[in-house]
Amino acid sequence: GDSVTQMEGPVTLSEEAFLTINCTYTATGYPSLFWYVQYPGEGLQLLLKATKADDKGSNKGFEATYRKETTSFHLEKGSVQVSDSAVYFCALKRMNRDDKIIFGKGTRLHILP
Amino acid sequence: KAGVTQTPRYLIKTRGQQVTLSCSPISGHRSVSWYQQTPGQGLQFLFEYFSETQRNKGNFPGRFSGRQFSNSRSEMNVSTLELGDSALYLCASSLEGTGKETQYFGPGTRLLVL
């Protein structure tokens, strides 16, 4: 079945460091790919998405490119801030089917001032 | 426009009891999905409702059930609670549930089973 694998955390970085969180997926067909973020004590917020191969999703300085050849959707940010500390989830959804989202296990990110 | 709301936000129950959680989607949204989040299993899909019909169901025992009302509000029920049901329960809504629209998540209901 469809699945998402992302790097395990926690990931600890200093402020202004470069961030990469790896994510790979297994899916039949052509899923949509997402990154969600969960701040402490809150629900999930959509960070960015990409719906087809080579699409780049971006938001708040974060970027991820849909790579069909490597079935990957790695999250990157050039200069992280303390406020980026949160749990990040990579996820997929089958297009034109339903709203079921398959999530990765999540990666906790700590940014040190 | 108000976001997705979930009530109650926190709940403590004992084993064997049952619980009902409520989710009010964004106005105009007709699809509501439920997820269970635990430290061990992560985020797992429970079920999806659209126009008062369950359209999709995850791999959970029959103790987990849900329904959707004509105003799109949804409830989920867990009967005969077990310790392992302690989790954050999240609901999400979208306009038509086609898979193409953005889903918006509520803040969740944190359930503790003692």
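See above for the structure.
Quick notes on the rules
Residues numbered from 1 in each chain as written. Chains lettered and ligands numbered in written order. Predicted model: local features only at pLDDT ≥ 70, side-chain atom pairs only at ≥ 80, totals over all residues. Heavy atoms only, no water. Helix = DSSP H or I, 4+ residues; strand = E, 2+ residues; numbered from the N terminus. Rg over C-alpha atoms; globule rule 2.2 N^0.38 Å. Buried < 20%, exposed > 50% of the residue type's maximum accessible area, 1.4 Å probe, protein only. Contact = heavy atoms within 4.5 Å. Areas by Shrake-Rupley, 256 points an atom, 1.4 Å probe, with all protein chains shown as cover. Buried area = accessible area lost by both parts, 1.4 Å probe. Salt bridge = Lys/Arg side-chain N within 4 Å of Asp/Glu carboxyl O. Polar contact = N/O pair within 3.5 Å; in protein donor to acceptor, adjacent residues only side chain to side chain. 1 Å grid on protein atoms, 1.4 Å probe; cavity = no way out; pocket = protein on both sides within 12 Å on 5 of 7 lines; lining within 4 Å. Points joined across faces, edges and corners; volume = space filled by probe spheres on them.

### Here's the deal with the overall build of chain B
Item 1. In terms of regular secondary structure, chain B is built from 0 helices and 11 strands.
Item 2. Each helix (α) and strand (β) of chain B, taken in turn from the N terminus, gives the series β-β-β-β-β-β-β-β-β-β-β.
Item 3. In summary, chain B has a C-alpha radius of gyration of 13 Å against a globular reference of 13 Å for 114 residues, a match within 12%.
Item 4. Along the longest, intermediate and shortest principal axes, the C-alpha atoms of chain B span 35 × 25 × 25 Å.
Item 5. Scored against the burial criterion, the 114 residues of chain B give a buried share of 52%.
Item 6. Considering only contacts in chain B between residues 6 or more positions apart, those separated by 24 or more positions represent 54%.
Item 7. Element-wise, carbon and sulfur atoms account for 49% of the exposed surface of chain B, whose accessible area totals about 5300 Å².

### With respect to the interface of chain B and chain A
Put simply, an interface is often sized by how much accessible area is lost when its parts join up.
Item 1. With 24 residues of chain B at the contact, the number on the chain A side is 20 residues.
Item 2. Both faces combined, the contact of chain B with chain A buries some 1800 Å², and carbon together with sulfur accounts for 48% of it.
Item 3. Our enumeration of links across chain B and chain A arrives at 0 salt bridges.
Item 4. The interface formed by chain B and chain A holds 5 residue pairs in polar contact (both at pLDDT 80 or more) in total.
Item 5. Where the side of chain B that touches chain A is concerned, the elements lending two or more residues are strand 4 (31–38), strand 5 (42–50) and strand 9 (87–94) of chain B.
Item 6. Top contributing element to the side of chain B that touches chain A by residue count: strand 4 of chain B, with 4 residues.

### Description of the layout of surface pockets
Item 1. A volume near 600 Å³ is recorded for the largest pocket.
Item 2. Within the residue set of the lining of the largest pocket, elements represented by two or more residues are strand 10 (86–94) and strand 12 (107–112) of chain A together with strand 4, strand 9 and strand 11 (109–113) of chain B.
Item 3. Space inside the second largest pocket adds up to approximately 250 Å³.
Item 4. Lining the second largest pocket we find 14 residues, and of these Lys100(A), Ile102(A), Leu43(B), Gln44(B) and Phe45(B) sit closest to its centre.
Item 5. Secondary-structure elements contributing two or more residues to the lining of the second largest pocket are strand 1 (3–6) and strand 11 (101–103) of chain A together with strand 5 of chain B.

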